Amino acid sequence: MTNLLNLIILGPQGSGKGTQAELLAQKFDLAVLGTGAMFREIAKTQSELGKKINQIMNVEGRLVDSELTSEIVKDRIERIPKGQGIILDGFPRTMRQYELFREFWPRLGRGDYHILCIELSEAEAVKRLATRFVCEKCGEIYIGNDSGACKVCGRRLIQRPDDSAEAVRMRLRMFNEQTLPMIKEMEKEARVIRIDGSPSIEEVHREILKKLNLT
Ligand code: AMP
């Protein structure tokens, strides 16, 4: 067993979990495995898998099949150096995925993990996502900045197609129907650390460090 910091970070879209995952990764040199970004990359490829994922994600707007997702995540984790901690952002997100995760994780020999859940009301999530812009090149996220150019690399800022109000509501519904029951299940056997996602990025970050005893 190792003493590496491993985290599962959960929360509805717009809760800021991706941003918090990046901050933690920089501070503690962790590898972030974000399944949304991972699938967006795979969907761009012309492989059979790419075409299949593109159809599910971008055409049908569904979740990718849990068995397939779990296989890909496990494979990606195996490619991360054994001495590096991991943040899972976006997986597991259904009861079935949690079941599959619990089957494979102990076999990877990466030690224990903490579960963080960043909470945000639906109204606040919809409001944030309606004003979320991302850099078309480096993926840097901006809330309420539609001035046009990325401060990091200078490229254009765009709205993600899945941030339209309708798509956001659908993803929040999926979160309520599929992920919340999983979190309840997790709470039966592990400590889920709940964080209020409504304050500023810095405040949420400090709260996470405090609750993980990392200050
Ligand atoms: P996200 O950026 O987390 O909203 O993910 C974008 C899309 O990727 C989702 O709508 C799903 O189609 C797919 N996806 C991401 N994570 C998962 C997951 N854990 N299980 C199944 N599909 C996923």
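These numbers come from a predicted model, not from an experiment. (Residues numbered from 1 in each chain as written. Predicted model: local features only at pLDDT ≥ 70, side-chain atom pairs only at ≥ 80, totals over all residues. Heavy atoms only, no water.)

**Some points on the site of the ligand**
Under the convention used in this document: Any residue with a heavy atom lying within 4 Å of a molecule or strand is counted as near it. Pairs of N or O atoms are called polar contacts if they sit within 3.5 Å, as long as, within protein, a hydrogen donor faces a hydrogen acceptor (for residues adjacent in sequence, only side-chain-to-side-chain pairs). Per-residue accessibility takes into account occlusion by the displayed protein chains alone, with areas from the Shrake-Rupley method and a 1.4 Å probe. Each residue is assigned to one of three groups, with Ala, Val, Leu, Ile, Met, Phe, Trp, Tyr, Cys and Pro labelled nonpolar, Asp, Glu, Lys and Arg labelled charged, and all others, Gly among them, labelled polar.
The environment of the ligand is made up of 16 residues, and the closest members are Thr35, Arg62, Gly90, Arg93 and Gln97. With respect to the ligand, the side chain of arginine 93 contributes an N or O atom lying 2.6 Å from an oxygen atom. Between an oxygen atom of the ligand and a side-chain N or O atom of arginine 171, the distance comes to 3.0 Å. Bound to the protein, the ligand loses 94% of the 480 Å² it would expose on its own. For the shell around the ligand, the class distribution of residues is five nonpolar, six polar and five charged.

**Examining helix α5 (residues 95-104)**
We apply this condition: To sort residues, take the accessible area from a 1.4 Å probe on protein chains only and compare it with the maximum for the residue type: under 20% means buried, over 50% means exposed, and anything in between is partly exposed. Secondary structure elements follow DSSP: runs of H or I of four or more residues count as helices, runs of E of two or more count as strands, with numbering from the N terminus. This arc is built from the directions going out from the helix axis to the C-beta atoms. Any two residues having at least one pair of non-hydrogen atoms within 4.5 Å are treated as being in contact.
Among the residues of α5, those classed as buried are Gln97, Tyr98, Leu100, Phe101 and Phe104. For α5, the angular spread of buried residues about the axis comes to 165°, placing them on one side. Those residues of α5 that are buried are in contact with β1 (7-10), α4 (66-79), β3 (86-89) and α7 (165-189).

**Structural notes on the sheet that holds strand β4 (residues 114-119)**
Applicable threshold: Paired strands, as defined in this entry, are two strands with at least two bridges between them according to DSSP. Orientation is described by lines fitted to C-alpha atoms, with helices fitted over the stretch in contact, and by angles between N-to-C directions that extend from 0 to 180 degrees.
Taken in spatial order, the five strands of this open sheet run β2-β3-β1-β4-β8, and their pairing is parallel. The sheet is open, and its two borders are formed by β2 (31-34) and β8 (192-196), each paired with just one other strand. Taking the axes of each pair of neighbouring strands and ignoring which way they run, one obtains an average angle of 20° across the sheet. As judged from the five bridges shared by β4 and β8, these two strands associate in the parallel manner. Bridge pairing links cysteine 117 to arginine 194 in β8. Its contacts with the sheet put helix α2 (residues 35-44) on β2 and β3, and the angle it makes with β2 is roughly 65°. Where helix α8 (residues 201-211) meets the sheet, it contacts β4 and β8, and its direction lies at approximately 155° from that of β8.

**A few points about the nonpolar core**
This is how the line gets drawn: Only buried Ala, Val, Leu, Ile, Met, Phe, Trp, Tyr and Cys residues count toward a nonpolar core, and they belong to the same one when joined by side-chain atoms within 4.5 Å.
With 32 residues, the main nonpolar core has Ile77 and Leu88 as its most contacted residues. Residues in contact with leucine 88, not counting those within four places in the same chain, are Leu7, Ile8, Ile9, Leu33, Val73, Ile77 and Phe101.

**Considerations on the state of the cysteines**
To keep things clear, this is the line we draw: Two cysteine sulfurs form a disulfide in these notes if their separation is within 2.5 Å.
Evaluated as defined, the whole model comprises zero disulfides. This cysteine, cysteine 150, is not joined by any disulfide, and cysteine 138 carries the nearest cysteine sulfur, 3.7 Å off. You can call cysteine 150 buried: its relative accessible area is 5%.

**What about the sheet that holds strand β7 (residues 157-158)?**
Across the sheet, three strands lie side by side as β6-β5-β7; this open sheet has antiparallel pairing. Every interior strand has two partners, whereas the edge strands, β6 (141-143) and β7, have only one. As paired elements, strand β5 (residues 132-135) and β7 share two bridges and run antiparallel to each other. Bridge pairing links cysteine 135 to leucine 157 in β7.

**Details of the side chain of threonine 179**
When you line up the elements, threonine 179 lands in helix α7. At a separation of 2.8 Å, a polar atom in the side chain of threonine 179 contacts the main-chain carbonyl oxygen of arginine 93. Threonine 179 has contacts with Arg93 and Met174, leaving out every residue within four places of it along the chain.

Shape descriptors only; they carry no functional weight alone.
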